[in-house]
2 protein chains.
Amino acid sequence: MALSKTSVVDTALALLGEAGLPGMSMRTLATRLGVQPSALYWHFPSKQVLLTAVAERVLATVPSVEPTGSAADELRAIGEGLREAVTGVPDGAEIVALGLAAGARNPVAEAVAATCERHGMGDRTAGLTTALTGYVIGLGLEEQTHHNLRVADPELPAVDFGPRFDGGLGALLAGVAAG
Amino acid sequence: MALSKTSVVDTALALLGEAGLPGMSMRTLATRLGVQPSALYWHFPSKQVLLTAVAERVLATVPSVEPTGSAADELRAIGEGLREAVTGVPDGAEIVALGLAAGARNPVAEAVAATCERHGMGDRTAGLTTALTGYVIGLGLEEQTHHNLRVADPELPAVDFGPRFDGGLGALLAGVAAG
DNA sequence: ACCTGAACACCGTTCAAGT
DNA sequence: ACCTGAACACCGTTCAAGT
């Protein structure tokens, strides 16, 4: 059957899940698809563009947040949702950063806008979107890099990024009304 | 003259400044040093380890902050100082993230601790350190990736990350007493 | 329209051998 | 101790040619 952008991105995601970015070369991707490497370049002009398509798929998995809590609770849920999407795929932080830099739609922006307006703080939308997105990507990058290093060298001490993420998110949202 | 770790890191930083991470291959590095690529492996076991040494040098340029303002002002200055160090070298965010993941000392941790204790909020040190560091790295990564994309494709719209950084930092520090 | 085959110009890393 | 020379096993990308 003929190749399609969708099937290429599907397979790219599968390879990422198995071995991260180093395991997703254009050559292994082609092999997995039963095609020559050069065939991929008919569908995508470069690996970078292919990766932004992957990033868009990752961003599409960010869950939407129900308007049922305080502003702080909703913003916390938005941050946690982005974190789940980003850390759900190995090297996801790097890939999503590429996607956002390339102009991908950031679902966090709209979610934060909705929450802020609902709670009468629409003027804080831009700052909170930047802070939340940057924080999740940055800590996600550290976490995934740390994981990659530990795979190569098990001597490296383990770090639990879960509580660390919660603590940073709490500090980040301390200025948002709790009730 | 014989090679040394210092001279290798010096030259690595010079190459990074010229063309970023893609311009800093072990081969170009060796050529610039007038040596064979394999010679580098006597001084560093891998490129990754060499890059963490580069990261430590970058982190060492983070300026220390004078205790002359409010807690919020001092924390803002700490964040700005880290940003300057990180964005001062092309692909610095990625490199510093690698360094921190490898266990490099984070100068922000100590600076935040000093400020927090001076202002009677020592219990907030950990959260603020994580939030501040993650945010600076994350937005820095987006910014530098965006810059790299624009070098390859000038069609991509320019974005001024300066005001965006300020806005996010303001939101991040909104929960810290201003006076 | 969609893909093959072959090549170009690179990578990081290893390791015997030299001095 | 410190480095060379040569090789191994890869990369992303291009492009004429096929169907």
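Residues numbered from 1 in each chain as written. Chains lettered and ligands numbered in written order. Predicted model: local features only at pLDDT ≥ 70, side-chain atom pairs only at ≥ 80, totals over all residues. Heavy atoms only, no water.

1. Details of the UniProt feature "DNA-binding region" (unreviewed entry) in chain A
Sequence positions flagged by UniProt for "DNA-binding region" (unreviewed entry) are, in local numbering, residues 25–44 of chain A. Annotation note: span residues 25–44 of chain A, helix share 60%, strand share 0%, distance between end C-alpha atoms 14 Å. (UniProt positions renumbered as here; feature names shortened; annotations may be inferred. Helix = DSSP H or I, 4+ residues; strand = E, 2+ residues; numbered from the N terminus.)

2. Thoughts on the side chain of Asp91(A)
All names here are of chain A. If you trace the backbone, Asp-91 turns up in the loop between helix H5 (71–87) and helix H6 (92–101). One buried charged side chain, Asp-91, makes no salt bridge at all; its nearest oppositely charged neighbour is Lys-47, positioned 9.6 Å away. In terms of polar contacts, Asp-91 uses its side chain to reach the backbone amide nitrogen of Leu-21, at 2.7 Å. (Buried < 20%, exposed > 50% of the residue type's maximum accessible area, 1.4 Å probe, protein only. Lys, Arg positive; Asp, Glu negative; His and termini not counted. Salt bridge = Lys/Arg side-chain N within 4 Å of Asp/Glu carboxyl O. Polar contact = N/O pair within 3.5 Å; in protein donor to acceptor, adjacent residues only side chain to side chain.)

3. A few points about the packing of helix H8 (residues 125–152) of chain A against helix H9 (residues 161–172) of chain B
In contact at an axis separation of 7 Å, H8(A) and H9(B) are set at 90 degrees when each is read in the N-to-C sense. In terms of their interaxial angle, H8(A) and H9(B) are classed as roughly perpendicular. Note on element contacts: H9(B) touches H8(A) through Arg164(B), Gly167(B), Gly168(B), Ala171(B) and Leu172(B), opposite Gly127(A), Leu128(A), Thr130(A) and Ala131(A). Across the contact of H8(A) with H9(B), the residue classes tally to 4 nonpolar, 4 polar and 1 charged. (Axes fitted to C-alpha atoms, helices over the stretch in contact; angles between N-to-C directions. Parallel < 35°, antiparallel > 145°, perpendicular 65-115°, else oblique. Contact = heavy atoms within 4.5 Å. Nonpolar A, V, L, I, M, F, W, Y, C, P; charged D, E, K, R; others polar.)

4. Some words on the packing of aromatic side chains
Residues and elements named next belong to chain A. A complete count under the given rule lists 2 aromatic pairs over all chains for this structure. Between Tyr-135 and Phe-165, the ring centres sit 5.5 Å apart and the planes meet at 15 degrees, which makes this aromatic pair stacked. Within this pair, whereas Tyr-135 is found in helix H8, its partner Phe-165 is found in helix H9 (residues 161–172), the two being separated by 30 residues in sequence. We note Arg-83 situated over the ring of Phe-165; from NZ or CZ to the ring centre the distance is 4.7 Å. (Phe/Tyr/Trp six-rings, centres within 6.5 Å; stacked < 30°, edge-to-face > 60°. Lys NZ or Arg CZ within 6 Å of the ring centre and 35° of its normal.)

5. What about the protein's contact with DNA strand C?
Near DNA strand C you find 17 residues, and of these Ser38(A), Trp42(A), Arg27(B), Tyr41(B) and Lys47(B) are the closest. Among the atoms of DNA strand C close to the protein, meaning within 4 Å, 54% are from sugar or phosphate groups. Gln36(A) has a polar backbone atom sitting 2.8 Å from a phosphate oxygen of DNA strand C. Take Met26(B): an N or O atom from its main chain is 2.9 Å from a phosphate oxygen of DNA strand C. When contributions to the surface near DNA strand C are tallied by element, the ones reaching two or more residues are helix H3 (40–43) of chain A together with helix H2 (26–33) of chain B. Among the elements that line the surface near DNA strand C, the one with the most residues is H2(B), at 3 residues. A breakdown of the residues in the surface near DNA strand C according to their chemical character gives 7 nonpolar, 7 polar and 3 charged. (Near = heavy atom within 4 Å.)

6. With respect to the protein's contact with DNA strand D
Inspection of the region around DNA strand D gives 17 residues, with Arg27(A), Lys47(A), Ser38(B), Trp42(B) and His43(B) positioned closest. Protein-adjacent atoms of DNA strand D, using a 4 Å cutoff, are sugar or phosphate at a proportion of 53%. For DNA strand D, a phosphate oxygen lies 2.9 Å from a polar atom in the backbone of Leu3(B). His43(B) places a polar side-chain atom, nitrogen or oxygen, 2.6 Å from a phosphate oxygen of DNA strand D. At the level of secondary structure, the elements contributing two or more residues to the surface near DNA strand D comprise helix H2 (26–33) of chain A together with helix H3 (40–43) of chain B.

7. What about the side chain of His43(A)?
All names here are of chain A. By the element assignment, His-43 lies in helix H3. Using a relative accessible area of 17% as the deciding quantity, one classes His-43 as buried. Beyond its immediate chain neighbours, meaning those up to four positions away, His-43 contacts Leu-3, Ser-4 and Lys-5.

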